Amino acid sequence: MKNKRIFLLTNLLLPIPSFFSIACTKNVFTFSINKPWSTNELNFKFFDKIIKEYNNLLKINNLNNIKKYNISYKNDNNDLAQELIKGSATLASITSSLFYRNKEHLSPLLQTQTYAFKFDLDGNKYYSFNNNGDDLVKIAKEAQKMFERKKFNDWGHSEYGWDGAKFNYFYSKDLIDFYRGNIMMWGNKSTIERIKKAWVEKDWNTFRNFGIMTGKENSASKYLLQEQLFKKHFNLPNNKFTSFALDRQKNPNKYKTDKAKNLSKGENKNYHIVFDELGSFAYTNNKKNNKQLNYYSCENPEDKIEFLTVTDPIKYNVLATSNSLSEKKRELLAKAIYNIWKNGYDDYGNTVGFNGYKIIKNYYKEVIEPYKRVFDE
């Protein structure tokens, strides 16, 4: 989502990360969940209420209830799909890419949601060959307007509405179930204009030679989505993009892996095209111990940051179980989680970018088709 997108959501692919799972052994549930991003407080009532609601529904349907539960906090990027498949977890939060790779073994219950950015409310905007992706470029320009209103270091916590997890200035109250990657540029006026020219002319070799800083290879918003976009856009004969892995073998000095907030710093000064999750600046604090952080800034005052384009959208995490859990229990578990959130008792989701949950009714249409549309499976 991250997706940390308050958040998403990262890597996704997680670009989003897996956020929590429930392991069930002899009627003992173990919630295996990611550590909150913005607080050390771990006394959440959400999970206790889920168990109570689930037990109520199990009792009504004459099914055995849960006697006890445990909570285990984990770091981001755990492969909880394998925990489901092995039977050590019953419910897990799975990124779109991870779910698709294991779809034969898993059943999705709920789609997670988050608050939308004011500059990206429409999840139906995709790359179009008819206009060379101009719809996505427009989103990037709207995001840049809000981003550069003031320098990152000058975003006042009060003025921009920092709530401990995000700058509310950038968010609407609309709930969405998708996120995007961002392709940023930085440098002096000449450098930025040449990068734009290479993009418009679909000149992959020139474009790549400005240096590309990516996220990790399993990140949806900082690697996989950009790769898919480039496959569609850079399609000229004899100057075609294939994949980052293959291109990196031939041009190893043109690629680096690092966080976008560190652009232009140190060795990163040689990489003028930077991948990030769209809106990650909105959930990145610009202070630590009351000291300003020098993120999202250029060391040379003559340089600036621009957003070139965003990527196609990808869905936020789904809450899924293995196929071994009965259909009736899956239905009741989904209903229990939804009810607790709907009644305002989710004190955990906000700490990892989940602001809502939607029960999945059409598995193929809601989960599989959106993924295939982006990745051309």
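Quick caveat: nothing in here was measured; it's all calculated off a predicted structure. (Residues numbered from 1 in each chain as written. Predicted model: local features only at pLDDT ≥ 70, side-chain atom pairs only at ≥ 80, totals over all residues. Heavy atoms only, no water.)

Draft legend 1. Structural view of the overall build of the protein. Of the regular secondary structure elements, the protein holds 10 helices and 21 strands. Scaling as 2.2 N^0.38, a compact globule of 377 residues should have a C-alpha radius of gyration of about 21 Å, and the protein matches this with 21 Å. Referenced to the eigenvectors of the C-alpha coordinate spread, the extents of the protein come out at roughly 70 × 50 × 30 Å. For the protein, the computed accessible surface area is about 17,000 Å², with 44% contributed by carbon and sulfur atoms. For the protein, the separation between the mean place of its 60 positive charges and that of its 41 negative charges on side chains is 3 Å. (Helix = DSSP H or I, 4+ residues; strand = E, 2+ residues; numbered from the N terminus. Rg over C-alpha atoms; globule rule 2.2 N^0.38 Å. Areas by Shrake-Rupley, 256 points an atom, 1.4 Å probe, with all protein chains shown as cover. Lys, Arg positive; Asp, Glu negative; His and termini not counted. Charge placed at Lys NZ, Arg CZ, Asp CG, Glu CD.)

Draft legend 2. Layout of the layout of surface pockets. In this structure, the second largest pocket encloses a volume near 390 Å³. What lines the second largest pocket is a set of 17 residues, among which Lys151, Phe152, Tyr296, Ser297 and Cys298 lie closest to the centre. Partitioned by chemical class, the residues of the lining of the second largest pocket number seven nonpolar, four polar and six charged. (1 Å grid on protein atoms, 1.4 Å probe; cavity = no way out; pocket = protein on both sides within 12 Å on 5 of 7 lines; lining within 4 Å. Points joined across faces, edges and corners; volume = space filled by probe spheres on them. Nonpolar A, V, L, I, M, F, W, Y, C, P; charged D, E, K, R; others polar.)

Draft legend 3. Spotlight on the pairing of strand S18 (residues 304-310). The buried fraction of S18 amounts to six of the seven residues, a majority that puts the element mostly inside the structure. In terms of strand pairing, strand S10 (residues 181-187) meets S18 through six bridges, oriented antiparallel. The residue of S18 that forms the bridge with Met185 is Glu306. (Buried < 20%, exposed > 50% of the residue type's maximum accessible area, 1.4 Å probe, protein only. Pairing = 2+ DSSP bridges.)

Draft legend 4. Structural detail: the sheet that holds S10. What the five strands build is an open sheet, ordered S14-S11-S15-S10-S18; its pairing is mixed. Edge positions in the open sheet fall to strand S14 (255-257) and S18, since each of these has one partner strand only. Within this sheet the neighbouring strands show an average axis-to-axis angle of 30°, counted without direction. The sheet contacts of helix H7 (residues 220-233) involve S10, strand S11 (212-214), strand S15 (273-277) and S18, and relative to S15 the element is tilted by about 115°. (Axes fitted to C-alpha atoms, helices over the stretch in contact; angles between N-to-C directions. Contact = heavy atoms within 4.5 Å.)

Draft legend 5. Highlighting helix H1 (residues 46-60). For H1, built from 15 residues, the straight-helix expectation of 21 Å at 1.5 Å per residue is met to within 8% by its first-to-last C-alpha distance of 21 Å. Those residues of H1 lying buried are Phe46, Phe47, Ile50, Ile51, Glu53, Tyr54, Asn55, Leu57 and Leu58. Directly beyond the C-terminal end of H1, a positive phi value near 60° is found at Asn62. (Expected span 1.5 Å × (residues − 1).)

Draft legend 6. Quick look at the environment of Phe234. Here Phe234 shows up in the loop between H7 and strand S12 (235-236). Residues Phe234 and Phe207, spaced 27 residues apart in sequence, show a C-alpha to C-alpha distance of 9.7 Å.

Draft legend 7. Inspection of helix H5 (residues 189-200) at higher detail. The terminal C-alpha atoms of H5 lie 17 Å apart, and with 12 residues this matches the ideal 16 Å at 1.5 Å per residue to within 8%. For H5, the set of buried residues is Thr191, Ile192, Ile195, Ala198 and Trp199. Along the long axis of H5, the arc covered by the buried residues comes to 125°, so they all point the same way. The exposed set on the far side of H5, more than 90 degrees from its buried face, consists of Lys189 and Val200. Buried residues along H5 sit in contact with S10, helix H6 (204-208), H7, S15 and S18. Of the residues trailing H5, Lys202 is marked for its positive phi of about 55°. (Arc of directions from axis to C-beta.)

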